[in-house]
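Coordinate inspection notes
Here is how the chains run, residue by residue.
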Amino acid sequence: MRVHLVNPSYHSFGTAVITPRWLYVLAAATPKWCGDPIIHDETLEQIDLDTIEEGDILGIGFHTGNALRGYEIGRAARERGATVIYGGIHSTLFPDEAREHGGGHSVVRGDGDVIWSQALADCRDGKLLPVYEGGQLEGTSLIQARWDLMPRDSYMWASVQTVRGCPKHCSFCSVWRTDGQEPRQPATDGVLKEIVALRRMGYRFVILADDNFYPVTLDDLKAARRRNDPSEAERLEAIRAERFELMDKLAKLPDDMNFFTQITMEAAEDPAFLAAMKKARIKGALIGVESITPEGLKAVYKNFNLTGDVLVDRLRAFRKQGLHVLGSFIFGLPTDRPPVFEATADLADRADLTFAQFVMLTPFPGTVDFEKWEKTVGEDAPKINGIPLTRFWLIPPGQRPKIITPHPAMSGDDIRRLTQGVWDRFYAMGSVWRRSQFLPNLRARLLFLLCSLLYRQMYANTGISTDSARVKRANRTARFLAKMCRRLFVAKPLPHLQVPQTEKA
């Protein structure tokens, strides 16, 4: 009985930007009696179904965006006599769908760190259950990944996780529902062990793949103290203290290491936290700006963000602390009108963003937006090949509309075209070259130009274009650029690197 772990994708680039950590966490959770699992990451290369044999077990994890590809693989594997077990965010939300459309024998919901081994044992013993509830584990129960099974020359950046869950409740995001609003932090020593294992292999750029690296704001602490709630204040202070402890240990790692994470904009008001990030060599962060208008922020339940010149100053505050920002914007909000696209492009330039992404609003399952939309359209949802649009992920990509929900003032084609225009403007050669001025020499600036071009190819052209020929060209270009870019990020392995020891008082 062989175990296969599959990360499905329609787009394979040969080289990927970030390691899909969940694959290697489940590899670590796979019992020794199964042998080492076989890893298939389709962001690198498509799976060879001829490698699947009768009696094998496939663990397929996916989110909504790659659900259809996951189902295709699962059905094909089941036809070959394999047992198919689904997991991931989408399967957690739609376990029945995974069995119906994907031919799944079983579904693991929630965290798989512990329950995965039980599912495998039950499969061996012939008593596999239709559903396993992994739940939301305490941080101390989250396990470390088996990076020794990772192909050494396929990823640019490695990834670890230092906190799971997010206390916010943005309408377009499902994380706070699937992963919870209570921050769950694994032991910092375990995180350090993973990072050291990765640096031993030559990875010096590491994504801290957290739902929110800044889970406790200064306002949260002030509010708890105003309510005269000592237990809540102590709880929040303990979470904050663990963040500082982690950053202090990151600072003791080799000087050539660089970290990137995801935080909310409120961190700009916390000089002590930003200073600790800088000391820990956390060089950049994805920050969800989402909308530049008050109406847009209200629509996505993100009123804690700012707009206008105050927003520009807030984003520049990160840059002043040496933190490069990947700003994330959403287009197609009900409040959006054509002028907002140009205004967003202008703000992204003025705010000194190093990178930016401009995504089109999609109501993903598990979100408030999806629930409102599904309730509104009900049984009257338009259908494509018999599939209601409220199950858009089951529609083949070539037939799937880029804009799912109707807009009160713009057509889907207009939103797509204007969004593509903002990508084109922000990543125009002249704009990228101007942003590269912070770098010390010509070689570094040329490398920045190359990486910016790759980012645009991977995340804009393959996802926004409705022209399949353009998507194929983008894939080919991205495959070429990715192989070149990887050389920029790896370093000489440090096989003898040790985990920094905590100083004793």
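As shown above, the structure is provided for reference.
Residues numbered from 1 in each chain as written. Predicted model: local features only at pLDDT ≥ 70, side-chain atom pairs only at ≥ 80, totals over all residues. Heavy atoms only, no water.

Structural notes on the pairing of strand 5 (residues 83-87)
Most of strand 5 sits inside the fold, with five of its five residues counted as buried. The alternating pattern of strand 5 places T83, I85 and G87 on one face and V84 and Y86 on the opposite face, and all of these are buried. With five bridges connecting them, strand 4 (residues 57-61) and strand 5 associate as parallel partners. Looking at strand 5, one finds that L58 is bridged to V84. Taken together, strand 4, helix 2 (residues 67-79) and strand 5 form a β-α-β motif whose crossover is right-handed. (Buried < 20%, exposed > 50% of the residue type's maximum accessible area, 1.4 Å probe, protein only. Helix = DSSP H or I, 4+ residues; strand = E, 2+ residues; numbered from the N terminus. Pairing = 2+ DSSP bridges. Right-handed = clockwise from strand over helix to strand, strands pointing away.)

Some points on the pattern of salt bridges
Oppositely charged side chains are able to pair whenever their charged atoms sit close together. On inspection of all chains with the given rule, the structure shows 34 salt bridges. One salt bridge in this structure joins R425 and D349, with 3.2 Å as the shortest N-O distance. Taken as a pair, R425 in helix 15 (residues 412-426) and D349 in helix 13 (residues 339-350) lie far apart in primary sequence, 76 residues in all. Given a relative accessible area of 28%, R425 falls into the partly exposed group. Among the charged side chains, a salt-bridge network with shared partners connects D111, D113, R164 and R184. (Salt bridge = Lys/Arg side-chain N within 4 Å of Asp/Glu carboxyl O.)

Thoughts on the sheet that holds strand 2 (residues 16-18)
Spatial ordering of the open sheet is given by 2-8-9-10-11-12-13, a layout of seven strands whose pairing is parallel. Strands with a single pairing partner mark the edges of an open sheet, and in this sheet they are strand 2 and strand 13 (355-360). Strand after strand, the sheet turns through a mean of 25° between neighbouring axes, direction not considered. The strands that helix 15 touches are strand 12 (324-331) and strand 13; relative to strand 13, the one it contacts most, it runs at about 175°. (Axes fitted to C-alpha atoms, helices over the stretch in contact; angles between N-to-C directions. Contact = heavy atoms within 4.5 Å.)

Digging into unusual backbone geometry
With a phi close to 65°, R281 is a non-glycine residue in the positive phi region. Residue class for R281 comes out buried when judged on its relative accessible area of 10%. The phi angle at D352 is positive, at roughly 65°, despite the residue not being glycine. Examined against the element boundaries, D352 turns out to sit in the loop between helix 13 and strand 13. Classification of D352 by relative accessible area gives partly exposed; the value is 38%.

Quick word on the packing of aromatic side chains
In the structure shown here, the tally under the stated rule is 29 aromatic pairs. Taking the centre distance of 6.4 Å and the plane angle of 45° together, the rings of W373 and F392 count as tilted. With W373 in helix 14 (residues 368-377) and F392 in the loop between strand 15 (387-388) and helix 15, the pair connects residues that are 19 residues apart, well separated along the chain. The buried category is assigned to F392, whose relative accessible area is 4%. Put simply, the rings of F329, F331, F341, F355, F358, W423, F426, Y427, F438, F448 and Y455 pair up and form one aromatic cluster. Taking NZ or CZ as reference, R319 lies 4.8 Å from the ring centre of F438, over its face. (Phe/Tyr/Trp six-rings, centres within 6.5 Å; stacked < 30°, edge-to-face > 60°. Lys NZ or Arg CZ within 6 Å of the ring centre and 35° of its normal.)

Some details on the nonpolar core
Counting 104 residues, the largest nonpolar core has I263, I282 and F318 as its most contacted members. Once you skip the residues sitting within four places of it in the chain, I263 turns out to touch N212, F213, Y214, M277, A285, L286, I287, G288, F318 and L323. Among the nonpolar cores identified, the runner-up in size contains 24 residues, and I47, I52, Y86 and F392 belong to it. (Core = buried A, V, L, I, M, F, W, Y, C linked by side-chain atoms within 4.5 Å.)

Describing the side chain of R486
Residue placement: R486 occurs in helix 18 (residues 468-489). Sequence-distant contacts of R486, that is, excluding residues within four places in its chain, are made with T15, R152, D153, S154, Y155, M156 and Y203.

A look at the sheet that holds strand 7 (residues 131-135)
The six strands are arranged 3-1-4-5-6-7 in an open sheet whose pairing can be described as parallel. Strands with a single pairing partner mark the edges of an open sheet, and in this sheet they are strand 3 (38-41) and strand 7. Averaged over neighbouring strand pairs, the angle between their axes works out to 20° when direction is ignored. Bridge analysis of strand 5 against strand 6 (residues 106-110) gives two bridges, and the strand direction is parallel. Paired with I85 across the bridge in strand 6 is S106. Running at roughly 160° to strand 5, helix 2 makes contact with strand 1 (3-7), strand 4 and strand 5 of the sheet.

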